[in-house]
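As a plain string of letters, each chain reads:
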Amino acid sequence: MGDFPQGRRRMRAIIIAVAAFPLLTGCISAVKTVVTAPVKAVGQVADWTTTSQDESDRNRGRDMRKREEQLGKLSRQRDKATEKCRDGNAEQCQRAEVLEHEIEAVMAEPR
């Protein structure tokens, strides 16, 4: 390095550093991407495997509406069977009793 005076060597080092800087920032960006990728992947898996509170509430509400619809349908069927039983139809008396037990079973199911 005897060819260059001290000032020119510094200037050359500065130019090389400035020229290499964009390459270095690209490497840092790539390293950041590689390092954060597993963390992002774990976060995505956690999102896929967990149920949000809103989603849980919607599902619970849907289940409650289905249960209420089922109870309403069974109650209407029981009421019709009870009316026919009062008119003297013994078969409908048995049907009303079976429907009453079905209603009780639905009511006893855990929510």
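Bear in mind that the values here come from a model prediction, so they are computed numbers and not experimental data.

Visitor: Would you mind going over a positive patch on the surface with me for this structure?
Guide: Taken together, the side chains of Lys-73, Arg-76, Lys-80, Lys-84 and Arg-95 present a region of like positive charge at the surface. The element that contributes the greatest number of residues to the positive patch is helix α2 (residues 53-86), accounting for 4 residues. Of note, Arg-76 is situated in helix α2.

Visitor: Can you walk me through the pattern of salt bridges in this structure?
Guide: Where charged atoms from two side chains of opposite charge come close, those side chains can pair. Overall, the coordinates contain 3 salt bridges when judged by the stated rule. Arg-86 is paired through a salt bridge with Glu-83; the nearest N and O atoms lie 2.9 Å apart. Of this pair, Arg-86 and Glu-83 both sit in helix α2, 3 residues apart, which is roughly one turn of the helix. Assessed through its relative accessible area of 62%, Arg-86 is described here as exposed. By sharing partners, the salt bridges in this structure join Arg-78, Asp-79 and Glu-100 into a single network.

Visitor: Looking at this structure, I do not really get the nonpolar core. What am I missing?
Guide: Nonpolar side chains tend to gather and get buried jointly when the protein is soluble and globular. Counting 7 residues, the largest nonpolar core is built from Leu-71, Leu-74, Ala-81, Ala-96, Leu-99, Ile-103 and Val-106. If one sorts the elements of this core by residue count, helix α3 (residues 90-108) sits on top with 4 residues.

Visitor: Explain α2 to me, please; I cannot follow it from the model alone.
Guide: Count 3.6 residues to each turn of an α-helix, and residues three or four apart come out pointing the same way. With 34 residues, α2 extends 49 Å between its outermost C-alpha atoms, agreeing within 8% with the 50 Å of an ideal straight helix rising 1.5 Å per residue. The elements touched by buried residues of α2 are α3. Backbone geometry just downstream of α2 places Gly-88 in the positive-phi region, at approximately 105°.

Visitor: What is the right way to look at the side chain of Gln-92 in this model?
Guide: Relative to the assigned elements, Gln-92 resides in helix α3. For Gln-92, the residues in contact, after removing those within four places along its chain, are Ala-81, Lys-84 and Cys-85.

Calculation rules
- Residues numbered from 1 in each chain as written.
- Predicted model: local features only at pLDDT ≥ 70, side-chain atom pairs only at ≥ 80, totals over all residues.
- Heavy atoms only, no water.
- Patch = residues over 30% accessible without salt bridge, like charges linked within 9 Å, V, L, I, M, F, W, Y side chains within 5 Å.
- Areas by Shrake-Rupley, 256 points an atom, 1.4 Å probe, with all protein chains shown as cover.
- Salt bridge = Lys/Arg side-chain N within 4 Å of Asp/Glu carboxyl O.
- Lys, Arg positive; Asp, Glu negative; His and termini not counted.
- Charge placed at Lys NZ, Arg CZ, Asp CG, Glu CD.
- Helix = DSSP H or I, 4+ residues; strand = E, 2+ residues; numbered from the N terminus.
- Buried < 20%, exposed > 50% of the residue type's maximum accessible area, 1.4 Å probe, protein only.
- Core = buried A, V, L, I, M, F, W, Y, C linked by side-chain atoms within 4.5 Å.
- Expected span 1.5 Å × (residues − 1).
- Contact = heavy atoms within 4.5 Å.

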